[in-house]
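Coordinates in review
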Amino acid sequence: DYLGTPTQVTVSDKLISHQPRLTISHNFTPLLTGSIQGGAAFSKQIGAKETDENGATTTELSDKWQSTFVGGATITKSYRTGNISLNVDQTIGGGGGLASQETRTQTLTGRIQHNLSTKLNGFASIGYAKNKSTQDGNAFDTNTYRIQGGISYAFLTWLSGNVSYSHINQKSKGLAVD
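Treat the numbers as computed from the prediction; the structure is a model and nothing was measured.

What counts, and where the lines are drawn
Residues numbered from 1 in each chain as written. Predicted model: local features only at pLDDT ≥ 70, side-chain atom pairs only at ≥ 80, totals over all residues. Heavy atoms only, no water. Helix = DSSP H or I, 4+ residues; strand = E, 2+ residues; numbered from the N terminus. Contact = heavy atoms within 4.5 Å. Pairing = 2+ DSSP bridges. pLDDT = per-residue confidence, 0-100. Salt bridge = Lys/Arg side-chain N within 4 Å of Asp/Glu carboxyl O. Buried < 20%, exposed > 50% of the residue type's maximum accessible area, 1.4 Å probe, protein only. Polar contact = N/O pair within 3.5 Å; in protein donor to acceptor, adjacent residues only side chain to side chain.

**Thoughts on the overall build of the protein chain**
A tally of helices and strands in the protein chain yields zero helices and twelve strands. Tracing the protein chain from N to C terminus, the helices and strands come up as β-β-β-β-β-β-β-β-β-β-β-β.

Put into structure tokens, the structure is as follows:
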């Protein structure tokens, strides 16, 4: 279900964003660590416009400074031969080449890293990201699912190699063509 009106064209002359953050980390136990970070994104779009899919209506988006929460949290549990972590984050950025306007990106990622031997390590991760137009734009609404895995091998103390695989499944709602 698409929320909002599909758009055919999005344009923006400039996106300016300042994102100060504060991070606090804590060792709950020697094997369990966590961190939280928070701040604000102060953003402004200049010359941002959306044109609906039939070209009949063009809407100028606000060029005023807007503030949005940015931040996240990570928790990591270490064990004798590796670690497992969970991370959640929210940032503000551009449309990633798909839309010329400010977008909010929210991510959730789980990762495990395991030492298989003194020279061989493996990892796997799974993640989800939601990107959506901010302020009064509605052209961009994308969900991304990612699975990744890999191994690395230390041939010598100064030479290592790795092999990894990623699968990405991205679903977009509406049209965002520039």
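Continuing now.
**Quick look at the environment of Ala-40**
Structurally, Ala-40 is set in strand β4 (residues 32–46). Taking the C-alpha atoms as reference points, Ala-40 and Gln-19, 21 residues apart in sequence, are found 5.7 Å from one another. In this view, Ala-40 contacts His-18, Gln-19, Pro-20, Thr-68 and Val-70; residues no more than four positions away in its chain are not counted.

**Looking at the pairing of strand β8 (residues 82–93)**
Along any regular strand, the residues point their side chains to alternate faces of the sheet. Where strand β7 (residues 66–79) and β8 come together, nine bridges link them in antiparallel fashion. Directly across from Lys-77, in β8, lies its bridge partner Ile-84. Taking the residues between adjacent antiparallel strands as the criterion, β7 and β8 are bridged by two residues. In terms of strand pairing, β8 meets strand β9 (residues 103–115) through twelve bridges, oriented antiparallel. Opposite Leu-86, over in β9, you have Gly-110 as the bridge partner.

**A closer look at the environment of Gly-72**
You can see Gly-72 is positioned in strand β7. Between the C-alpha atoms of Gly-72 and Thr-91, which are 19 residues apart in sequence, the distance is 8.8 Å. Not counting chain neighbours up to four residues away, the residues in contact with Gly-72 comprise Ser-35, Ile-36, Gln-37, Val-88 and Asp-89.

**So, the confidence of the model for the protein chain**
Counting all residues, the mean pLDDT for the protein chain is 83, and 75% of those residues have values of 70 or more. Taking the mean pLDDT of every element in the protein chain, the minimum, 54, falls on strand β1 (residues 7–11) and the maximum, 96, on strand β3 (residues 21–29). In the model, residues 1–5 has pLDDT below 50 throughout and makes nine contacts with residues more than four positions away in sequence or in other chains.

**Quick notes on the pattern of salt bridges**
Overall, the coordinates contain one salt bridge when judged by the stated rule. Residues Arg-21 and Asp-89 are paired through a salt bridge, measuring 3.1 Å at the closest nitrogen-oxygen approach. Pair noted here: Arg-21 is in strand β3 and Asp-89 is in strand β8, with a separation of 68 residues, a long-range link. Residue classification places Arg-21 among the partly exposed positions, given a relative accessible area of 29%.

**Looking at the side chain of Asn-143**
By the element assignment, Asn-143 lies in strand β11 (residues 141–156). The class for Asn-143 is buried, based on a relative accessible area of 9%. Separated by 2.7 Å, the side chains of Asn-143 and Tyr-128 make a polar contact.

**Looking at the environment of Lys-44**
Mapping Lys-44 onto the fold places it in strand β4. Separated by 58 residues in sequence, Lys-44 and Glu-102 have C-alpha atoms that sit 8.4 Å apart. Not counting residues within four places of it along the chain, the set of residues in contact with Lys-44 comprises Lys-14, Leu-15, Ile-16, Asp-63, Lys-64, Trp-65 and Glu-102.

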